[in-house]
Amino acid sequence: MRAKTTPWKTNEPHSSAGKMEGFRLKLTRTKKIAAAVAAIAVIGGMAVGSTLAYLTDQKEATNTITVGDVKIELHEPGFPESSAPSMEPGMKQAKDPYLENTGSNPAYVRLRVDIPTATIGGQENTPLFELGYLDKDGNFQTNIETLTGAIDGTTVKWVKDGEYYYLSKADSSDFQLPAGAKTPKLFTYIRLNPELKEGELAPASGKDYALTEIEVMGEAIQTGSFANASAAWAAFDKQNPEH
(Lines give C-alpha, C1' and ligand atoms only; values in the text may rest on other atoms or scores of the structure.)
Protein backbone atom coordinates (compact mmCIF):
# COMPACT_ATOMS: atom_id res chain seq x y z
CA MET A 1 0.00 0.00 0.00
CA ARG A 2 1.30 3.44 -0.87
CA ALA A 3 0.21 6.76 0.49
CA LYS A 4 1.27 10.19 -0.69
CA THR A 5 0.97 13.67 0.63
CA THR A 6 2.11 17.04 -0.56
CA PRO A 7 4.43 17.12 -3.51
CA TRP A 8 6.33 20.44 -3.17
CA LYS A 9 7.71 21.45 -6.57
CA THR A 10 10.57 23.89 -6.80
CA ASN A 11 10.64 26.56 -9.48
CA GLU A 12 13.66 27.27 -11.66
CA PRO A 13 16.26 29.76 -10.37
CA HIS A 14 15.14 33.38 -10.43
CA SER A 15 15.62 35.24 -13.70
CA SER A 16 15.16 38.81 -14.82
CA ALA A 17 11.54 38.06 -15.73
CA GLY A 18 10.36 38.83 -12.20
CA LYS A 19 11.49 40.04 -8.81
CA MET A 20 10.34 39.24 -5.29
CA GLU A 21 10.49 42.10 -2.84
CA GLY A 22 11.18 40.35 0.46
CA PHE A 23 11.42 36.64 -0.25
CA ARG A 24 8.36 34.51 0.51
CA LEU A 25 7.63 30.90 -0.32
CA LYS A 26 4.17 29.35 -0.36
CA LEU A 27 3.57 25.66 0.20
CA THR A 28 0.79 23.74 -1.48
CA ARG A 29 -0.70 20.40 -0.57
CA THR A 30 -1.90 17.24 -2.28
CA LYS A 31 -2.55 13.85 -0.76
CA LYS A 32 -2.41 10.31 -2.08
CA ILE A 33 -2.68 6.87 -0.54
CA ALA A 34 -1.61 3.54 -1.96
CA ALA A 35 -1.53 -0.14 -1.05
CA ALA A 36 0.06 -3.41 -2.07
CA VAL A 37 -0.85 -6.93 -1.03
CA ALA A 38 0.58 -10.37 -1.82
CA ALA A 39 -1.66 -13.16 -3.06
CA ILE A 40 -0.77 -16.73 -4.01
CA ALA A 41 -1.40 -17.42 -7.69
CA VAL A 42 -0.74 -20.85 -9.24
CA ILE A 43 0.74 -20.56 -12.73
CA GLY A 44 -0.48 -23.63 -14.63
CA GLY A 45 1.44 -25.15 -17.53
CA MET A 46 4.66 -23.24 -16.79
CA ALA A 47 6.19 -24.70 -13.67
CA VAL A 48 5.37 -26.87 -10.73
CA GLY A 49 4.25 -24.98 -7.66
CA SER A 50 3.16 -21.37 -7.30
CA THR A 51 4.38 -17.82 -7.46
CA LEU A 52 3.53 -14.65 -5.58
CA ALA A 53 1.56 -12.01 -7.43
CA TYR A 54 1.61 -8.49 -5.99
CA LEU A 55 -1.48 -6.64 -7.05
CA THR A 56 -2.15 -2.92 -7.18
CA ASP A 57 -5.15 -0.82 -8.07
CA GLN A 58 -5.28 2.97 -8.36
CA LYS A 59 -8.25 5.27 -8.08
CA GLU A 60 -7.09 8.76 -9.01
CA ALA A 61 -10.47 10.38 -8.37
CA THR A 62 -10.18 9.68 -4.65
CA ASN A 63 -6.38 9.63 -4.54
CA THR A 64 -6.41 6.17 -2.97
CA ILE A 65 -4.89 2.87 -3.95
CA THR A 66 -6.17 -0.23 -2.18
CA VAL A 67 -5.59 -3.92 -2.76
CA GLY A 68 -7.19 -6.80 -0.91
CA ASP A 69 -7.47 -5.85 2.73
CA VAL A 70 -4.20 -3.97 3.19
CA LYS A 71 -5.21 -0.36 3.62
CA ILE A 72 -3.48 2.69 5.08
CA GLU A 73 -4.33 6.32 5.55
CA LEU A 74 -1.72 9.06 5.60
CA HIS A 75 -2.55 11.87 8.03
CA GLU A 76 -1.05 15.35 8.57
CA PRO A 77 -3.31 17.04 11.14
CA GLY A 78 -0.97 19.98 11.71
CA PHE A 79 -0.69 21.06 8.08
CA PRO A 80 -3.27 23.57 6.79
CA GLU A 81 -5.97 21.95 4.66
CA SER A 82 -7.52 25.00 3.03
CA SER A 83 -4.65 27.31 2.06
CA ALA A 84 -0.95 27.22 1.25
CA PRO A 85 1.10 28.57 4.18
CA SER A 86 3.54 31.40 3.43
CA MET A 87 7.10 30.93 4.70
CA GLU A 88 10.30 32.93 4.87
CA PRO A 89 13.87 31.56 5.28
CA GLY A 90 14.34 30.06 8.74
CA MET A 91 10.59 29.92 9.40
CA LYS A 92 9.04 26.76 10.84
CA GLN A 93 5.75 25.20 9.73
CA ALA A 94 3.81 22.37 11.36
CA LYS A 95 3.82 19.25 9.20
CA ASP A 96 3.34 15.95 11.00
CA PRO A 97 2.83 12.85 8.84
CA TYR A 98 1.87 9.48 10.28
CA LEU A 99 0.19 6.34 8.97
CA GLU A 100 -2.93 4.52 10.15
CA ASN A 101 -3.60 0.88 9.32
CA THR A 102 -7.27 0.98 8.32
CA GLY A 103 -7.34 -2.58 6.98
CA SER A 104 -8.01 -5.78 8.91
CA ASN A 105 -4.52 -7.30 8.60
CA PRO A 106 -1.15 -6.35 10.11
CA ALA A 107 1.26 -4.70 7.68
CA TYR A 108 4.83 -3.57 7.30
CA VAL A 109 4.87 0.18 6.65
CA ARG A 110 7.38 2.77 5.52
CA LEU A 111 7.50 6.48 4.66
CA ARG A 112 9.50 8.43 2.10
CA VAL A 113 9.97 12.20 2.07
CA ASP A 114 11.07 13.89 -1.13
CA ILE A 115 12.54 17.28 -0.23
CA PRO A 116 12.94 19.75 -3.12
CA THR A 117 16.36 21.27 -3.72
CA ALA A 118 17.71 24.51 -5.14
CA THR A 119 21.03 26.27 -5.72
CA ILE A 120 21.59 28.12 -2.45
CA GLY A 121 24.73 30.15 -1.83
CA GLY A 122 26.19 28.73 -5.03
CA GLN A 123 25.73 25.14 -3.85
CA GLU A 124 23.60 23.06 -6.21
CA ASN A 125 21.04 20.51 -4.96
CA THR A 126 20.81 22.05 -1.49
CA PRO A 127 17.65 20.90 0.38
CA LEU A 128 15.08 23.66 0.71
CA PHE A 129 13.70 22.24 3.95
CA GLU A 130 14.80 20.50 7.14
CA LEU A 131 12.65 17.90 8.90
CA GLY A 132 12.41 18.11 12.66
CA TYR A 133 10.49 18.73 15.84
CA LEU A 134 10.43 21.23 18.69
CA ASP A 135 12.09 20.25 21.96
CA LYS A 136 10.71 21.18 25.39
CA ASP A 137 12.30 24.62 25.07
CA GLY A 138 10.77 25.26 21.67
CA ASN A 139 14.03 24.79 19.78
CA PHE A 140 13.97 23.14 16.35
CA GLN A 141 15.76 19.78 16.36
CA THR A 142 16.51 17.57 13.34
CA ASN A 143 17.44 14.21 14.91
CA ILE A 144 14.04 12.71 14.13
CA GLU A 145 15.29 9.11 14.32
CA THR A 146 15.56 9.50 18.10
CA LEU A 147 11.79 9.96 18.39
CA THR A 148 9.88 6.94 19.69
CA GLY A 149 6.30 5.94 20.29
CA ALA A 150 4.36 3.01 21.74
CA ILE A 151 1.96 0.68 19.93
CA ASP A 152 0.19 -1.96 22.02
CA GLY A 153 2.94 -1.77 24.63
CA THR A 154 5.82 -2.05 22.12
CA THR A 155 8.25 0.84 21.73
CA VAL A 156 8.70 1.73 18.07
CA LYS A 157 10.62 4.25 16.01
CA TRP A 158 11.30 5.19 12.40
CA VAL A 159 14.62 3.85 11.06
CA LYS A 160 16.06 5.34 7.87
CA ASP A 161 17.51 2.99 5.28
CA GLY A 162 18.25 4.51 1.89
CA GLU A 163 15.44 6.85 0.90
CA TYR A 164 12.85 5.29 3.21
CA TYR A 165 11.97 5.42 6.90
CA TYR A 166 10.81 2.01 8.15
CA LEU A 167 8.62 1.55 11.22
CA SER A 168 10.67 -0.70 13.50
CA LYS A 169 11.00 -1.79 17.10
CA ALA A 170 13.29 0.17 19.41
CA ASP A 171 16.14 -2.26 18.61
CA SER A 172 15.58 -1.61 14.86
CA SER A 173 14.10 -5.08 14.28
CA ASP A 174 10.97 -5.68 12.19
CA PHE A 175 7.63 -4.41 13.41
CA GLN A 176 4.18 -5.25 12.07
CA LEU A 177 1.66 -2.44 12.39
CA PRO A 178 -1.52 -4.04 13.77
CA ALA A 179 -4.89 -3.45 12.16
CA GLY A 180 -6.41 -0.24 13.49
CA ALA A 181 -3.10 1.07 14.87
CA LYS A 182 -1.42 4.38 14.13
CA THR A 183 2.30 5.01 13.77
CA PRO A 184 4.18 7.74 15.62
CA LYS A 185 4.67 10.94 13.63
CA LEU A 186 7.84 10.86 11.55
CA PHE A 187 8.43 14.55 12.28
CA THR A 188 6.25 17.41 13.45
CA TYR A 189 7.78 20.53 11.85
CA ILE A 190 9.67 21.58 8.77
CA ARG A 191 11.97 24.59 8.49
CA LEU A 192 12.75 26.53 5.33
CA ASN A 193 16.49 26.69 4.75
CA PRO A 194 17.73 29.79 6.63
CA GLU A 195 20.42 30.41 3.97
CA LEU A 196 17.94 30.87 1.13
CA LYS A 197 18.22 34.34 -0.40
CA GLU A 198 15.99 36.47 -2.58
CA GLY A 199 16.55 35.63 -6.23
CA GLU A 200 17.47 31.98 -5.65
CA LEU A 201 13.91 30.86 -6.46
CA ALA A 202 11.74 32.25 -9.22
CA PRO A 203 8.37 33.75 -8.22
CA ALA A 204 5.20 32.10 -9.45
CA SER A 205 3.74 33.69 -12.56
CA GLY A 206 2.29 37.09 -11.67
CA LYS A 207 3.08 36.62 -7.96
CA ASP A 208 5.58 38.02 -5.50
CA TYR A 209 6.24 34.61 -3.97
CA ALA A 210 7.50 31.20 -5.09
CA LEU A 211 5.53 27.97 -4.90
CA THR A 212 7.00 24.64 -3.85
CA GLU A 213 5.89 21.22 -2.61
CA ILE A 214 7.21 18.44 -0.38
CA GLU A 215 6.08 14.93 -1.21
CA VAL A 216 5.49 12.40 1.55
CA MET A 217 4.70 8.85 0.48
CA GLY A 218 3.54 6.02 2.72
CA GLU A 219 3.64 2.37 1.67
CA ALA A 220 2.41 -0.84 3.27
CA ILE A 221 2.45 -4.54 2.45
CA GLN A 222 0.92 -7.52 4.20
CA THR A 223 3.15 -9.51 6.53
CA GLY A 224 1.88 -13.07 6.43
CA SER A 225 3.47 -14.27 3.18
CA PHE A 226 7.04 -13.22 3.96
CA ALA A 227 9.85 -14.39 6.21
CA ASN A 228 10.66 -10.84 7.24
CA ALA A 229 10.22 -7.19 6.29
CA SER A 230 13.23 -7.20 3.96
CA ALA A 231 11.71 -9.99 1.88
CA ALA A 232 8.36 -8.18 1.80
CA TRP A 233 9.84 -4.89 0.58
CA ALA A 234 12.04 -6.64 -1.98
CA ALA A 235 8.90 -8.18 -3.47
CA PHE A 236 7.07 -4.85 -3.31
CA ASP A 237 9.88 -3.03 -5.11
CA LYS A 238 10.12 -5.73 -7.78
CA GLN A 239 6.40 -5.41 -8.48
CA ASN A 240 6.48 -1.59 -8.39
CA PRO A 241 9.81 -0.61 -10.01
CA GLU A 242 8.75 2.98 -10.76
CA HIS A 243 6.96 3.82 -7.52
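So, how was this worked out
Residues numbered from 1 in each chain as written. Predicted model: local features only at pLDDT ≥ 70, side-chain atom pairs only at ≥ 80, totals over all residues. Heavy atoms only, no water. Core = buried A, V, L, I, M, F, W, Y, C linked by side-chain atoms within 4.5 Å. Buried < 20%, exposed > 50% of the residue type's maximum accessible area, 1.4 Å probe, protein only. Helix = DSSP H or I, 4+ residues; strand = E, 2+ residues; numbered from the N terminus. Contact = heavy atoms within 4.5 Å. Salt bridge = Lys/Arg side-chain N within 4 Å of Asp/Glu carboxyl O. Pairing = 2+ DSSP bridges. pLDDT = per-residue confidence, 0-100. Phe/Tyr/Trp six-rings, centres within 6.5 Å; stacked < 30°, edge-to-face > 60°. Lys NZ or Arg CZ within 6 Å of the ring centre and 35° of its normal.

One finds Val 109, Trp 158, Leu 167 and Leu 186 to be the most contacted residues of the largest nonpolar core, which totals 34 residues. Counting residues per element, the ones that place at least two in this core are β8 (72-75), β12 (107-114), β13 (117-120), β15 (129-134), β18 (154-161), β19 (164-169), β20 (189-192) and β22 (215-222). Per-element accounting of this core gives the leading share, four residues, to β12. In contact with Val 109, other than residues within four places in its own chain, are Ile 72, Leu 99, Trp 158, Tyr 166, Leu 167, Leu 177, Thr 183, Glu 219, Ala 220 and Trp 233. Core analysis: the next-biggest nonpolar cluster, separate from the first, contains ten residues, Tyr 108, Ile 221, Ala 232 and Ala 235 among them.

All chains considered together, the criterion is met by ten salt bridges. Salt-bridge contacts for Asp 137 lead to Lys 136; the nearest nitrogen and oxygen are separated by 3.6 Å. There is no split in this pair, since Asp 137 and Lys 136 are both exposed. Overlapping salt bridges bring together Arg 112, Asp 114, Glu 163 and Glu 215 as one network.

With antiparallel pairing, four strands are arranged side by side in an open sheet as β10-β20-β15-β16. Strands with a single pairing partner mark the edges of an open sheet, and in this sheet they are β10 (92-94) and β16 (140-141). As judged from the two bridges shared by β15 and β16, these two strands associate in the antiparallel manner. When the sheet's bridge partners are listed, Leu 134 is paired in β16 with Phe 140.

Averaged over every residue, the pLDDT of the protein is 77; the share at 70 or more is 72%. Within the model, pLDDT remains below 50 along residues 6-22, and this stretch shows 60 contacts once partners closer than five positions in the same chain are excluded. Note on residues 30-68: pLDDT under 50 across the span, and 95 contacts to partners over four residues away in sequence or across chains.

This part covers the packing of aromatic side chains. Aromatic ring pairs are reported here in terms of the distance separating the ring centres and the angle at which the planes meet. Within this structure, the stated rule accounts for three aromatic pairs. Both rings, one in Tyr 166 and one in Trp 233, keep their centres 6.0 Å apart while their planes meet at 70°; by these two values the pair is edge-to-face. Residue Tyr 166 is found in strand β19, and its partner Trp 233 is found in helix α1 (residues 229-239); the two are separated by 67 residues along the sequence. Owing to a relative accessible area of 17%, Tyr 166 belongs among the buried residues under this scheme. For Trp 233, a relative accessible area of 5% corresponds to the buried category. Above the ring of Phe 79, the side-chain terminus of Lys 95 is found at 4.8 Å from the ring centroid. One residue, Arg 110, lies across the ring of Tyr 164, its end atom 3.8 Å from the ring centre.

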